[in-house]
Amino acid sequence: MRIFWQSFVDASANAPYMARLAEYLNEIAASGTTVDVEGISPPDREFGRLAEFRCAIQAIDNGIAAEEQGYDAYVMGHFQDPGLYELRSTLDIPVIGTGEATLLAASQLGRRLGLVTLDAAFEVWHYEQADRYGLGGRVVHVTGMGCKPEDFAAAFAGDRTAHARMLEDFTACALPLVERGADVVIPAGVLPGLLIGREQGFKVGHAPVVNCAAVALKSAEMWVQLRKLNGTEPSRGPSFKRASKLARTDFRALLARNDRS
């Protein structure tokens, strides 16, 4: 099984994170599964809707290429899931959104969900996500850590002090969510998700903390297996009607013109 993982960070600017992510995903993958992690340049560096939209366009183009290269599944390794539905309507292979998969998984562990995201700019986005996935009433609160991807670099490069400090910062942000009634904590980003990846039974108070990176990967493996088992795929009715060949050609031609300009 070959899985394509689309990150929204720059592979060179955030090399320690990308290396650690690829190592971790391949460590926890089932026997016979390989995961290839791809970044985006420029990365999602100006948090906001326009940056998310720009990165989503490139992620969709990469997804089409990944399917052509024979990958068995595509993971949107960016919790906000921009372009997720467009990708799902474009590809035949399973398309997994880290945010969607994690929110749905967390809803099985408790009734009230609290999300810790990188920056306050994403708070409204996560509320909209929860509404889109039918879980709006389950989210107690969303809070931002107030950090950028590069703030995790030392922790992922092996600095134990930096790792402990970032873990403390995450816990400090999550504790008020639990005090407000959350009984499950979700790191709303693969960066903080990877930070807690090696923690066993990690909780904030009584609330388990869900490892979104592991959930996304295991969801991808499951859907590849179910597709092989009995042909299960998304509805091709109005929700995820298959994009036509012309629509795919027009989309890729738009990006090709931009590359030449």
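Preceding this section is the structure that the text describes.
Here's what I pulled together on the structure shown here. Bear in mind that the values here come from a model prediction, so they are computed numbers and not experimental data. Numbers given to residues run from 1 along each chain, matching the order in which its sequence is written. Given that this is a predicted model, residues contribute local features only at a pLDDT of at least 70 and side-chain atom pairs are listed and counted only at 80 or more, while totals for whole chains, interfaces and linings are drawn from all residues. Working from all heavy atoms in the structure, the side-chain values ignore hydrogens and water.

**Some remarks on the environment of A154**
Turning to step 1, where the next piece is worked out: Secondary structure elements are defined from DSSP: runs of H or I of at least 4 residues count as helices, runs of E of at least 2 residues count as strands, and each element is numbered from the N terminus. Examined against the element boundaries, A154 turns out to sit in helix α6 (residues 153-156).
Turning to step 2, where the next piece is worked out: Exposed residues in this analysis have more than 50% of their type's maximum accessible area, buried residues have under 20%, and partly exposed residues fall in between, with area computed by a 1.4 Å probe over protein chains only. Judged by relative accessible area, which is 32%, A154 ranks as partly exposed.
Turning to step 3, where the next piece is worked out: Contacts are residue-level and defined by heavy atoms, with any inter-residue pair within 4.5 Å sufficient. When near neighbours in sequence (up to four residues on either side) are disregarded, A154 contacts D159 and A162.

**Regarding the pairing of strand β6 (residues 139-144)**
Turning to step 1, where the next piece is worked out: As paired elements, strand β5 (residues 113-117) and β6 share 5 bridges and run parallel to each other. For L115, the partnering residue across the bridge sits in β6 and is V142.
Turning to step 2, where the next piece is worked out: Note on the crossover from β5 through helix α5 (residues 123-132) to β6: the handedness is right-handed. A pair of strands counts as paired when DSSP detects no fewer than two bridges linking them. Look down the strands so they point away from you; if going from the first strand over the helix to the second traces a clockwise path, that crossover is right-handed.

**Observations concerning the packing of helix α1 (residues 15-28) against helix α9 (residues 212-230)**
Turning to step 1, where the next piece is worked out: Where α1 meets α9, the axes come as close as 10 Å, and the angle between the chain directions of the two elements is 50 degrees. With respect to each other, α1 and α9 are oriented oblique. Crossing angle aside, the handedness with which α1 passes α9 is right-handed. Contacts between α1 and α9 involve Y24, L25 and I28 on the former and, on the latter, A213, A214, L217 and K218.
Turning to step 2, where the next piece is worked out: Under the grouping applied here, Gly and all other residues not named as nonpolar or charged are polar, the nonpolar ones being Ala, Val, Leu, Ile, Met, Phe, Trp, Tyr, Cys and Pro and the charged ones Asp, Glu, Lys and Arg. Of the residues belonging to the contact of α1 with α9, the class tally is 6 nonpolar, no polar and 1 charged. Lines fitted to C-alpha atoms define the axes here, with helix axes fitted over just the stretch in contact, and angles between the N-to-C directions of these axes take values from 0 to 180 degrees. For classification purposes, angles smaller than 35 degrees are called roughly parallel, those larger than 145 roughly antiparallel, those between 65 and 115 roughly perpendicular, and all remaining angles oblique. Two helices that cross are described as forming a left-handed crossing if the nearer one is turned anticlockwise from the farther one by less than a right angle, and a right-handed crossing if clockwise.

**Describing the state of the cysteines**
Turning to step 1, where the next piece is worked out: Our working definition of a disulfide is a cysteine sulfur pair at a distance within 2.5 Å. Scanning the model with the defined rule gives 0 disulfides in all.
Turning to step 2, where the next piece is worked out: With no disulfide of its own, C147 has C173 as its nearest cysteine by sulfur position, at a separation of 7.9 Å.

**Focus: the sheet that holds β6**
Turning to step 1, where the next piece is worked out: Across the sheet, which stays open at both edges, the 3 strands sit in the order β6-β5-β7 with parallel pairing between neighbours. Each edge of the open sheet is held by one strand with a lone partner, namely β6 and β7 (184-188). Going across the sheet, the axis of each strand differs from the next one's by a mean of 20 degrees, ignoring polarity.

**Quick word on the sheet that holds strand β1 (residues 2-6)**
Turning to step 1, where the next piece is worked out: Taking strand neighbours across the sheet as the criterion, the 4 strands line up as β2-β1-β3-β4 in an open arrangement whose pairing is parallel. Only two strands of the sheet have a single neighbouring strand rather than two, namely β2 (34-38) and β4 (95-97). When the angles between neighbouring strand axes are averaged without regard to direction, this sheet yields 20 degrees.
Turning to step 2, where the next piece is worked out: As paired elements, β1 and strand β3 (residues 73-76) share 4 bridges and run parallel to each other. Note on β3: the bridge partner recorded for W5 is V75.

**Side note on the nonpolar core**
Turning to step 1, where the next piece is worked out: One finds W5, Y17, Y74, L115 and V185 to be the most contacted residues of the largest nonpolar core, which totals 80 residues.
Turning to step 2, where the next piece is worked out: Contact partners of Y17, with chain neighbours within four places excluded, come to S7, V9, F156, V190, L191 and L194. In these notes, a set of buried Ala, Val, Leu, Ile, Met, Phe, Trp, Tyr and Cys residues joined through side-chain atoms within 4.5 Å is what counts as a nonpolar core.

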